[in-house]
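# Survey of secondary and tertiary structure
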Amino acid sequence: MMERLTENAAQLFLLLVLSPLVTGVIRTLKARLQTRRGPGILQPYRDLQKLFSKGMVIPETASWIFTATPWVVFFSTILAGLMIPMVAAEAPLGLFGGVLAVIYLLGLGRFFLALSGMDSGSSFGGLGSSREMTISALAEPAMMLAIFTVAIGAGSTGLTEIAGAAIGQNWRFLAPSQMFAFAALSLVLIAETGRIPVDNPDTHLELTMIHEAMILEYSGPYLALLEWAASIKQLVLMTLLINCFWPFGLQPTWFGFGAVEGIGWLLGKLLLLSCAIVLLETMNAKMRLFRVPELLAVAFTLGSLALISTFLF
Amino acid sequence: MTLFFEELRERFQEQIRSVDELVPDQVTVLLNGPDATGIARHFLAEYQARLVTVFAEDRVKEEGVFYNYYVFDRRDDAAWVILKAPIPADHPSFPSLAAELPAVNWQEREIQDWFGLEAAGHPNPRRVALHDNWPDVHPLRKDFPLDTVLPPFEGERHVYRPAHGEGVFHIPVGPVHAGIIEPGHFDFAVAGEPILYLQLRMFYTHKGTEKLFENLPIHRAVFLAESISGDSAFSHGTAFCEAVERAAGIAVPARAQWMRAILLELERIENHIADVGAIANDVGFVIANAHAGRVREMVLGLNEMLTGSRVLRGMVAIGGVRRDWQRTQVEAIESTLAVVEREFRDLVVILQASNSTRHRLERTGILRPEKASKLGIVGVAGRASGVDLDIRRDHPYEAYRHLSFNVPVYQAGDVRHRMKVRIDEVAESIQIIRAAVTRLPEGPHRAPAQPIPPGRCALSAVEGWRGEIVHWVRTGEGNCLERCKVKDPSINNWPAIVEAVEGNIVADFPVINKSFNLSYSGTDR
């Protein structure tokens, strides 16, 4: 019991503290590639601190959904984060359904975000909500297929089992089915974290926004919660991707010296993935909105191929 | 007087009172009555003429009438034709041309709002330049004092045309926008993402600039002209100075003419580079914008070195330019441009190599050539849609009489080609500056100051980086102006955006808008 609590506390700490850092690193790397200096990797922490100490403006037309959403989004994301293996194969929280629960917890957050976008009564919020729903309706199935491919290999949808099966098979990702699944999940990651070429996290143009348009009316602590939740979600999805496919350095349990080594490996792999994201974002323009479904259709096809090839090879 | 006017006089004997050419290449045709539509139609049909601008003037105190001026540009003829139609003060109304010539839609309504002259038969005679909630005043009439304080506005707000249908709704955007841009209201009627119809509302930054001109000594009015549209400070300043110089018959020294041409081209290069970067930025290709910002900075630095101002303010003056250049400064132009040319070419290579960018820009926001010529679109936007106009070539001024250069014209009319026109023009401008630097004559840089004779009128047109800028002045007593009409290319081109966005998706609007990059301040004045 005590061990469980310690694990949970440790992973919670990691999620809360590490997520703004990942965002900061990605932004700084991007700035450097764009010949800018950038505000430094600690800026997301300063932003959160600033937002938490500010007052809020809440639209007159908003209902309870507007005030509930930041909490729902924040806690559902945290909960999902506790259910994935980060440092050790054993996830601290092994609730019902494993990976399916993770997907649906993230889905719950998104559902409330889309509702609050419309609830605020601003025209941009509704625009963002409708776009987000279109994209997630296509991204979720692709994500499922990719995850199922991995789950079939492990014989379980429990993330602990999946990660456990991966340990010792470091080079398994070279198998065709795993490569397809990896590619599918990478595309989903880009769509879900709102990165170029699907969404542009740095734009000020309301008419082109997806995720940012939904949270346009939020300010102060609520905005801080949503920004933080977005960072955590990004960390969760990135960790899911790297630990399912590159299990290098993943420890069997959270305890002993292994944990330090595990955290070191996690940071290294996150940095590598961040570099890949930054390169992709810098080298590409944003897609035309109506082409995003095509990209996600590719992800879905790759996911299907992955699933089929698990039975073939 | 040429054959053209002989014919014109014969044909419209009843209507024409006199024809004169007091300023070279500017023929003023004085009519007997307020109806200019017959002759205007004749010009448009017979000579493929283009109606450049329409404006009014209050001469009630002196002559008991208002005047409406119609400025025409005939193909292959460098002379401007200006129809001058008197409108009696006791019956302030003139027949509208807007139904057949949508290009004058807003300009005729400006006359309505500012002078209280009714545009009879206008298809949409609602307020435009003064918003609906303004009281019933006409600020450009001479009997409206500049220091008038109006009561708080309590009138009705503007009503937008509603859109109906299953899943059809409005997205109001503005008037205040994100980022550092000026105010303007955009009302989109959309069916999901595709745009059905866009309604524009401008004139949120109406400053009464044309009224202000009437109360300033001319040497100070130059600064006012420079602030009409901040990104075209030098072009507007030059257009104003030339109008006054032509009216007063001041000969600008050759050196100043060439210096002005160099600075006009520098302004064009600076803005085009910024726009190329900004268009890439709006489709999320940030790296191109970063490079464009770097290259533009070199031009801005050169500007500062040449004039003391990064945006070329305070340089142009009546009779020439305010300060001369030393040899080292002229040499710096050449060396800086060599770097700019090379770096800009690299930037273009990056842009052309990016398929994702190309996919976003191609066939986005198409303005068809027939629409463009019908709406009277000018400048970069026009040339990307087959409107082959360039004041530098068609009505050469300053040193452009001695320069030859290409005018890029494309037919496709999409965002990509509006960017292409800019890219081509940067290269042309660099060549123009090179030629100008080698031919820069020695001599004075400014004509000696002299009093400006009153009662003279003149028109001047300058090809700013965005398109044709037209100024028309009437000089007054004591080195002041009676009237100054300012036409920025933006007022022609806003309807082009309405046309270009139709059928596109809302998410593409920002980049379409950016590809036109019109001036709010220049429109609103």
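None of the values given here were measured: they were computed from a predicted structure.

### Quick word on the overall build of chain B
Assigned secondary structure in chain B consists of 18 helices and 15 strands. When its C-alpha atoms are laid out on the principal axes, chain B stretches across 70 × 65 × 50 Å. Put simply, chain B has 525 residues, and 49% of those count as buried. The long-range share in chain B, meaning contacts at least 24 apart out of those at least 6 apart in sequence, stands at 66%.

### Describing the overall build of chain A
A count of helices and strands for chain A gives 11 helices and 0 strands. In summary, chain A has a C-alpha radius of gyration of 19 Å against a globular reference of 20 Å for 313 residues, a match within 12%. In terms of overall dimensions, chain A has C-alpha extents of about 55 × 45 × 45 Å along its principal axes. Buried residues in chain A amount to 50% of all 313 residues. Counted over contacts in chain A with a minimum sequence separation of 6, partners at least 24 positions apart contribute 80%.

### Overview of helix H7 (residues 233-248) of chain B
An ideal rise of 1.5 Å per residue puts 22 Å on 16 residues; H7(B) measures up with 22 Å between its terminal C-alpha atoms. Looking one or two places after H7(B), you find B:Gly249, whose phi comes out positive at around 70 degrees.

### Observations regarding the sheet that holds strand E13 (residues 457-463) of chain B
Residue and element names in this part refer to chain B. The sheet built from 3 strands is open, its strands ordered E13-E14-E15 with antiparallel pairing. Each end of this open sheet is capped by a strand with a single partner; those strands are E13 and strand E15 (481-487). Strand-to-strand twist in this sheet, taken as the mean axis angle between neighbours without regard to direction, amounts to 15 degrees. As paired strands, strand E14 (residues 468-475) and E15 are joined by 6 bridges and run antiparallel to one another. Counterpart to Val-470 in the pairing with E15 is Lys-487.

### Examining the interface of chain B and chain A
Taken together, the 25 residues of chain B in the interface contact 21 residues of chain A. For the side of chain B that touches chain A, the secondary structure elements donating two or more residues are strand E8 (168-173), helix H9 (286-307), helix H11 (355-361) and helix H17 (509-516) of chain B. Residue classes in the side of chain B that touches chain A are distributed as 14 nonpolar, 6 polar and 5 charged.

### So, the nonpolar core
Ranked by size, the top nonpolar core spans 239 residues in total, and within it A:Ala142, A:Ala146, A:Ala184, A:Val188, A:Leu296, B:Leu83 and B:Val244 carry the most contacts. Of the residues forming this core, the biggest block, 16 residues, is contributed by helix H9 (residues 220-245) of chain A. Two domains each put at least three residues into this core: domain 1 (2-120) and domain 2 (212-364 + 393-405 + 426-489) of chain B.

### A word on the domain arrangement of chain B
Interface size is commonly expressed as the accessible area that is lost once the parts come together. Residue and element names in this part refer to chain B. Each assigned domain of chain B is listed here: domain 1 (2-120) and domain 2 (212-364 + 393-405 + 426-489). Computed from C-alpha atoms alone, the centre-to-centre distance between domain 1 and domain 2 is 30 Å. Taken together, the elements giving at least two residues each to the side of domain 1 that touches domain 2 come down to strand E3 (50-59), strand E4 (65-73) and strand E5 (80-88). Looking at which element gives the most residues to the side of domain 1 that touches domain 2, the answer is E3, with 4 residues. Each residue belonging to the side of domain 1 that touches domain 2 can be placed in one class, and the counts come to 8 nonpolar, 2 polar and 1 charged.

### Concerning the pairing of E4(B)
All names here are of chain B. When you tally the buried positions in E4, you get 8 out of 9 residues, the bulk of the element. Where E3 lies against E4, 9 bridges are found, and the strand directions are antiparallel. Looking at the pairing, Glu-57 lines up with Tyr-67 of E4. Pairing analysis gives 9 bridges linking E4 to E5, with the strands arranged antiparallel. Bridge pairing in E5 links Phe-72 to Val-81.

What counts, and at which threshold
- Residues numbered from 1 in each chain as written.
- Chains lettered and ligands numbered in written order.
- Predicted model: local features only at pLDDT ≥ 70, side-chain atom pairs only at ≥ 80, totals over all residues.
- Helix = DSSP H or I, 4+ residues; strand = E, 2+ residues; numbered from the N terminus.
- Buried ≥ 20, exposed ≤ 12 C-beta atoms within 10 Å, placed from the backbone.
- Contact = placed C-beta atoms within 7 Å.
- Rg over C-alpha atoms; globule rule 2.2 N^0.38 Å.
- Expected span 1.5 Å × (residues − 1).
- Pairing = 2+ DSSP bridges.
- Axes fitted to C-alpha atoms, helices over the stretch in contact; angles between N-to-C directions.
- Nonpolar A, V, L, I, M, F, W, Y, C, P; charged D, E, K, R; others polar.
- Core = buried A, V, L, I, M, F, W, Y, C linked by C-beta atoms within 7 Å.
- Domains from an automatic or database assignment.

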